[in-house]
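Per-entry structural report
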Amino acid sequence: MKKIDISSNINGIKLTSCIMNASGVLCCTEKELSEIMMSSSGAVVTKSCTMIPREGNLEPRYFKWNMGSINSMGLPNLGIDFYLNFLEKKKPKKPFFLSISGLSIEENYQLIRKANLSPNINAIELNLSCPNLIEKKDQGLLGYDFYKTSDFLDNLFKFYKKPLGVKLPPYFEDFHIKKMAFILNQFPICFVTCINSLPNGLFIDINHETTVIHPKKGFGGIGGSIIKPFALANIRKFYIYLRKDISIIGCGGICSGKDVFEHILCGASAVQVGTQFFQEGIQVFDRLKKEFISILRKKNYFSIENFKGQLNVI
Ligand SMILES: Cc1cc2nc3c(=O)[nH]c(=O)nc-3n(C[C@H](O)[C@H](O)[C@H](O)COP(=O)(O)O)c2cc1C
């Protein structure tokens, strides 16, 4: 039987499997990161980090129901030094993406300068889309401010020369995706990860007539199968509008091998798993890999390059 290869290449960064973890889910501590390193995940992405460690928002701050999850974690993380030291100490044998999410543009510059000094990071995943910060309640997501994003990237690429990707929020209008792609196309961006959680969702417990999570009056970011159509639409449109050398990492609603196939058919070069990883634990990577390979075998495909981006439109 011919071998099915599900490896991927993110702008020169080689992944033995195109399926990996999404930032923020079970990738904060040494134990969690070590577990991902040992698993069949194609890469390791860290929890989005800040300059100093954060405890995050008050509990309950995560809730899962059949269609997906709601969270308002508030970036609990161990601080950038912890993640850089982890990398130094463990020297992972698979690509290591450091996710960063400063609380301000200034802090993002500080984080990127620090990461720039580390020889072992394969790439930074710059989070422009964290929806759950109490400190930022009067400011929008950076990814929704086109002018600020452009200015920010312009300044950062003056001093940062290593691979960098951006994690984007979901966009709901073609015009916005076109505009963001136009901005990103002007910079040496290595990849785009779309999408982050859908911001400002609300889920209700009718027995107690309350919200299910505590922070921000119950509003939070939505993930899981319910957001897959938005993820697919963002991947597809960015695939059309972005420069062809910018890879897309799909994220949002991956629960099965079929979901992985759909993301790649729309144009993703790799996929990330968040809510389903939280739900199922580390064996999710083996299961998804098995289901995905079985679909490729039935379709007579031997690598993701056989169908990546080749969605037929009726
Ligand atoms: C508990 C939790 C924490 C998250 N924390 C982060 C984070 O720190 N940085 C980030 O870029 N995305 C974060 N996300 C968003 C996920 O990486 C992902 O974009 C989103 O959940 C959609 O994927 P999913 O449908 O597989 O959950 C978090 C999601 C969850 C559920």
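Predicted, not measured: the structure shown is a model, and the values here were computed from it.

Turning our eyes to something else, we now look at helix 4 (residues 146-159). Between its first and last C-alpha atoms helix 4 spans 21 Å; for 14 residues at 1.5 Å apiece the expected length is 20 Å, and the two agree. Residues of helix 4 that are buried include every one of Phe146, Thr149, Phe152, Leu153, Leu156 and Phe157, and no others. Mapping the buried residues of helix 4 onto a view down its axis gives an arc of 125 degrees, with all of them on the same face. For helix 4, the exposed residues lying more than 90 degrees away from the buried face are Tyr147 and Lys158.

Turning our attention to the site of the ligand. Close to the ligand lie 25 residues; Ser23, Ser48, Gly224, Gly253 and Thr275 are nearest. A distance of 2.8 Å is found between an oxygen atom of the ligand and a side-chain nitrogen or oxygen belonging to Lys167. Ile195 has a polar backbone atom sitting 3.1 Å from an oxygen atom of the ligand. Protein contact buries 97% of the 610 Å² of open area that the ligand shows by itself. In terms of residue class, the shell around the ligand is made up of 10 nonpolar, 13 polar and two charged.

The next subject is the sheet that holds strand 5 (residues 62-65). Across the sheet, which stays open at both edges, the four strands sit in the order 5-6-14-11 with antiparallel pairing between neighbours. With one partner strand each, in any of the chains shown, strand 5 and strand 11 (198-202) form the two edges of the open sheet. On average, each strand axis in the sheet is tilted by 35 degrees relative to the strand beside it, whichever way the strands run. When strand 11 meets strand 14 (residues 219-223), the two strands line up antiparallel, connected through three bridges. Among the inter-strand pairings, Gly201 is bridged to a residue of strand 14, identified as Gly220.

Definitions and limits used
Residues numbered from 1 in each chain as written. Predicted model: local features only at pLDDT ≥ 70, side-chain atom pairs only at ≥ 80, totals over all residues. Heavy atoms only, no water. Helix = DSSP H or I, 4+ residues; strand = E, 2+ residues; numbered from the N terminus. Expected span 1.5 Å × (residues − 1). Buried < 20%, exposed > 50% of the residue type's maximum accessible area, 1.4 Å probe, protein only. Arc of directions from axis to C-beta. Near = heavy atom within 4 Å. Polar contact = N/O pair within 3.5 Å; in protein donor to acceptor, adjacent residues only side chain to side chain. Areas by Shrake-Rupley, 256 points an atom, 1.4 Å probe, with all protein chains shown as cover. Nonpolar A, V, L, I, M, F, W, Y, C, P; charged D, E, K, R; others polar. Pairing = 2+ DSSP bridges. Axes fitted to C-alpha atoms, helices over the stretch in contact; angles between N-to-C directions.

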